[in-house]
Every structure is written in C-alpha cells, then in structure tokens.
Amino acid sequence: QVQLVESGGGLVQAGGSLRLSCAASGRTISSYAMAWFRQAPGKEREFVAAISGSASYTSSTNSVKGRFTISRDNAKNTVYLQMNNLKPEDTAVYYCAADRFDRYRRTGTENYGSWGQGTQVTVSS
C-alpha cells in the first residue's frame, strides 16, 4: 500500500492559481497511474485529472480542460496539479489517488486503491 500526502491547498480569489502536490511513500509510483479527485460539500467525489505512469498520457474532466494541468516527477515520487484561472465552483477538498495499475483513463473512485487525506481549496468570488 502506498501512502499519499497532499499539500498546497488554500484560499485564493477567482482567477488565481494554486499548485497542489501529492507526495507518495511506501512504494514507487512510476508504474501506476495517478489521479486527482475533488469533493465539494454535499456532493460526490468526482474525477479531475489523471496521468499515466510514464507521464506520456493524461486525461481530465471537461470542466477543468485548459485550466488545470496534471504532471508527475517519478524521481521525487510526487504528482502535481497546477490549477490556473480558478473559479468559485472549483472549491472542494482535493484528493490524490493511486491506481492499482496504469489505467489513466479510469475515472471511477473504485479503480483507485490508495488515497490521501485531502487538501482544501477555496476560491472566493
């Protein structure tokens, strides 16, 4: 089992930027797809973006395309989510997740076996 710790959340005004980090420990993650999910109050956890083990492929939900970029540094065992042009509707707790395989197109929470504790992102209007 891999342990994941997110950081980088905070309060930002609409139009601003944040960079989330997810540090993994316990095993190397270079062979596994990694993803970011988010959960707003009263809503289900939803897929945001994912990246393949080699970082060659990424996927993201339509609402963040052109604004959010997922990346990874396997040498540092870390995954990032660069969020630009943030909107109030991006407000949520953001979670990092590790796949059991290298399936970057999977968007369901059931496909990911390890989760971080989450980091709060609040975007004010």
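Numbers given for residues are sequential positions, taken from 1 along each chain in its written order. Residues qualify for local features only when their pLDDT is at least 70, as the model is predicted, and side-chain atom pairs are given and counted only at 80 or more; totals for whole chains, interfaces and linings, by contrast, use all residues. Note: side-chain values were computed over all heavy atoms of the structure, leaving out hydrogens and water.

**Student:** How do you make sense of the overall build of the chain when you look at a structure like this?
**Tutor:** Segments assigned H or I by DSSP are reported as helices when at least four residues long, segments assigned E as strands when at least two residues long, and all are numbered from the N terminus. If you tally the helices and strands in the chain, you get zero helices and 11 strands. Ordered by position from N to C terminus, the α and β elements of the chain give β-β-β-β-β-β-β-β-β-β-β. The C-alpha radius of gyration of the chain comes to 13 Å, within 12% of the 14 Å expected for a compact globule of 125 residues. With the C-alpha coordinates of the chain rotated into their principal frame, the extents come out at 40 × 30 × 25 Å. Counting the 125 residues in the chain, one finds 45% classified as buried. Residue contacts are counted whenever heavy atoms from the two residues lie within 4.5 Å of one another. Partitioning the intrachain contacts of the chain with sequence separation of at least 6 by distance along the chain shows that 59% fall at a separation of at least 24. Element-wise, carbon and sulfur atoms account for 45% of the exposed surface of the chain, whose accessible area totals about 6200 Å². With the radius of gyration taken over C-alpha atoms, the globule rule is written as 2.2 Å times the number of residues to the power 0.38. With a 1.4 Å probe rolled over the protein chains alone, any residue whose accessible area is under 20% of its type maximum counts as buried; one over 50% counts as exposed, and the rest are partly exposed. Only the protein chains shown count as cover for residues, and all accessible areas are computed by the Shrake-Rupley method using a 1.4 Å probe.

**Student:** Help me understand the pairing of strand 3 (residues 18-25) in this model?
**Tutor:** Successive residues of a regular strand alternate their side chains across the two faces of the sheet. A pair of strands is labelled paired if DSSP reports no fewer than 2 bridges between them. Looking at chain direction, strand 1 (residues 3-7) and strand 3 are connected through five bridges and run antiparallel. Note that in strand 3 the partner of Ser7 across the bridge is Ser21. Bridge count between strand 3 and strand 8 (residues 78-83): six bridges; the pairing is antiparallel. Note on strand 8: the bridge partner recorded for Leu20 is Leu81.

**Student:** I keep staring at the pattern of salt bridges and nothing clicks. Help me out?
**Tutor:** It is possible for side chains of opposite charge to pair when their charged atoms get near one another. What counts as a salt bridge is simple: a side-chain nitrogen of Lys or Arg found within 4 Å of a carboxyl oxygen of Asp or Glu. Applying the stated criterion across every chain, the model contains four salt bridges. Residues Arg67 and Asp90 are paired through a salt bridge, measuring 2.7 Å at the closest nitrogen-oxygen approach. Remark: Asp90 occurs in the loop between strand 8 and strand 9 (92-99) and Arg67 occurs in the loop between strand 6 (58-60) and strand 7 (68-73); sequence separation between them is 23 residues. For the pair Arg67 and Asp90, a shared accessibility class is recorded, and that class is buried.

**Student:** What is the right way to look at the sheet that holds strand 7 in this model?
**Tutor:** Either a parallel or an antiparallel arrangement is found when strands of a sheet pair, and the pairing is made through backbone hydrogen bonds. Spatial strand order, 1-3-8-7: four strands in an open sheet with antiparallel pairing. Here the strands that pair on one side only, and so sit at the sheet edges, are strand 1 and strand 7. Direction aside, the axes of adjacent strands within the sheet are offset by 15 degrees on average. Axis angles are defined between N-to-C directions and span 0 to 180 degrees, where every axis is a line fitted to C-alpha atoms and, for a helix, only to the segment in contact.

**Student:** Honestly, the nonpolar core in this entry has me stumped. Any pointers?
**Tutor:** Nonpolar side chains tend to gather and get buried jointly when the protein is soluble and globular. Here the nonpolar core consists of buried residues drawn from Ala, Val, Leu, Ile, Met, Phe, Trp, Tyr and Cys, with membership extended through side-chain atoms lying within 4.5 Å. Counting residues in each nonpolar core, the largest one holds 27 residues, and the members touching the most others are Met34, Trp36, Leu81, Met83 and Tyr94. Ranked by size, the runner-up nonpolar core spans eight residues in total, among them Ala35, Phe37, Phe47 and Tyr112.

**Student:** Can you help me understand the packing of aromatic side chains in this one?
**Tutor:** Describing an aromatic ring pair means giving the distance of the ring centres and the angle of the ring planes. Paired rings are identified among Phe, Tyr and Trp, the last through its six-membered ring, by centres lying within 6.5 Å, and are further divided according to the angle between planes into stacked (under 30 degrees), edge-to-face (over 60) and tilted (the rest). Inspection of every chain in the model, using the stated rule, returns five aromatic pairs. Consider the rings of Tyr112 and Trp115, whose centres lie 6.4 Å apart with planes at 70 degrees: the pair is edge-to-face. Only when the NZ atom of a Lys or the CZ atom of an Arg is both within 6 Å of the ring centre and within 35 degrees of the ring normal do we say a charge sits over the ring. Looking at Arg27, its charged tip hangs above the ring of Tyr32, at a distance of 4.1 Å from the centre. Sitting over the face of the ring of Trp115, Arg45 holds its NZ or CZ atom 4.9 Å from the ring centroid.

**Student:** Please explain the side chain of Asp99 as it appears in this structure.
**Tutor:** Take Asp99: it is sitting in strand 9. Accessibility expressed as a relative area gives 0% for Asp99, which makes it buried. A polar side-chain atom of Asp99 sits 3.4 Å from the main-chain amide nitrogen of Phe101. Sequence-distant contacts of Asp99, that is, excluding residues within four places in its chain, are made with Arg27, Tyr32, Ala33, Asn111 and Tyr112. Think of a polar contact as two N or O atoms within 3.5 Å of one another; within protein, one of them needs to be a possible hydrogen donor and the other a possible acceptor, and neighboring residues in sequence only count if both atoms come from side chains.

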